[in-house]
Amino acid sequence: RAAKERYVDPEFFTLEAEHLWSRTWQMACRLEEIPAAGDVVEYEILDQSVIVLRADDGSVRAFQNACRHRGVKLVTGRATCESGFTCPFHGWCYGQDGGNTHVPQKRTFGEHQLQPGDIDLVPVQCETWGGCAWINLDPGAPSLRQCIEPAATILDAWKVESLRTEWWYACRLPVNWKLA
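Residues numbered from 1 in each chain as written. Predicted model: local features only at pLDDT ≥ 70, side-chain atom pairs only at ≥ 80, totals over all residues. Heavy atoms only, no water.

Asker: How would you sum up the sheet that holds strand E6 (residues 85-86)? Please name residues and give values.
Answerer: Overall, antiparallel pairing links the three strands, which are arranged E6-E7-E8 in an open sheet. For this open sheet the edge positions go to E6 and strand E8 (100-102), each flanked by a neighbour on one side alone. Where E6 and strand E7 (residues 93-94) come together, two bridges link them in antiparallel fashion. Note that in E7 the partner of Phe85 across the bridge is Tyr94. (Pairing = 2+ DSSP bridges. Helix = DSSP H or I, 4+ residues; strand = E, 2+ residues; numbered from the N terminus.)

Have a look at this one:
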């Protein structure tokens with residue numbers, strides 16, 4: 001293929017979606033966006049939505065942003081969820097650890113439909129580095145550090161984690177991501 005086709009070819013984009021974006025580490029947010037326990041930000045890539053959460057213990061976790069009952073989004077944009085997440089559709093509840101904490105009208109479900117693990121939020125690999133939370137949709141992916149070396153070691157000397165955002169600008173452009 002000609003190099004320019006990589007920017008406009010729908011088939012090439014489909015290959016990127018399948019083989020690149022579903023398997024690579026992506027910066028989901030700056031840690032300063034989720035400074036306090038319970039702070040949450042939604043990260044979207046293609047048709048995937050991920051919740052990135054600052055937990056009570058200060059750690060950062062990520063989950064698929066979909067209720068296990070009907071797949072409804074639990075978070076849109078930024079939020080504070082100190083006591084966890086409640087699905088706006090049928091009220092299923094989840095703790096900061098992703099575990100299901102409440103199923104309304106539990107008696108209407110068979111026991112086999114409410115197995116622990118099957119009704120908990122789906123975890124997404126999440127690591128922090130350089131003042132950012134990074135996610136990887138591939139549960140078998142190598143660690144972030146393994147994937148970004150030797151750049152990580154070089155940038156560690158510059159204390160990238162201490163940098164702060166001066167301003168944000170976001171817009172949608174009617175172009176392929178590589179042109180943006």
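Asker: I'd like a description of the pairing of strand E4 (residues 60-64), backed by residues and values.
Answerer: Within E4, four of the five residues are buried, leaving the element largely enclosed by the surrounding structure. Pairing between strand E3 (residues 48-54) and E4: five bridges, direction antiparallel. Paired with Leu53 across the bridge in E4 is Arg61. If you look at the hairpin formed by E3 and E4, you'll find five residues sitting between the two strands, and Gly58 has a positive phi there, around 90°. (Buried < 20%, exposed > 50% of the residue type's maximum accessible area, 1.4 Å probe, protein only.)

Asker: Go over the environment of Thr80, please, and point to the residues and values.
Answerer: Its place among the elements puts Thr80 in strand E5 (residues 78-80). Between the C-alpha atom of Thr80 and that of Gln105, which follows or precedes it by 25 residues, the distance is 26 Å. Here the side chain of Thr80 touches Asp39 through a polar contact of 3.2 Å, side chain to side chain. (Polar contact = N/O pair within 3.5 Å; in protein donor to acceptor, adjacent residues only side chain to side chain.)

Asker: If you had to explain the pairing of strand E2 (residues 39-45) to someone new, which residues and values would you point to?
Answerer: The buried fraction of E2 is high, at six of seven residues. Inspection of the sheet shows E2 paired to E5 by three bridges, in the antiparallel sense. Within the sheet, the bridge partner assigned to Val41 lies in E5 and is Arg78. The sheet contact formed by E2 and E3 spans six bridges and is antiparallel. By the bridge assignment, Val40 is partnered in E3 with Leu53. Between E2 and E3, which pair antiparallel and follow one another directly, the connecting turn spans two residues, one of which, Leu46, has a positive phi of 55°.

Asker: Residues and numbers for the pattern of salt bridges, please.
Answerer: Following the criterion strictly, the structure yields eight salt bridges and no others. For the salt bridge of Asp156 with Arg145, the shortest nitrogen-to-oxygen distance reads 2.4 Å. Within this pair, whereas Asp156 is found in helix H4 (residues 151-156), its partner Arg145 is found in helix H3 (residues 144-148), the two being separated by 11 residues in sequence. In this structure Asp156 comes out as partly exposed when scored by relative accessible area, which is 29%. Through salt bridges with shared partners, one network takes in Arg30, Glu32 and Arg164. (Salt bridge = Lys/Arg side-chain N within 4 Å of Asp/Glu carboxyl O.)

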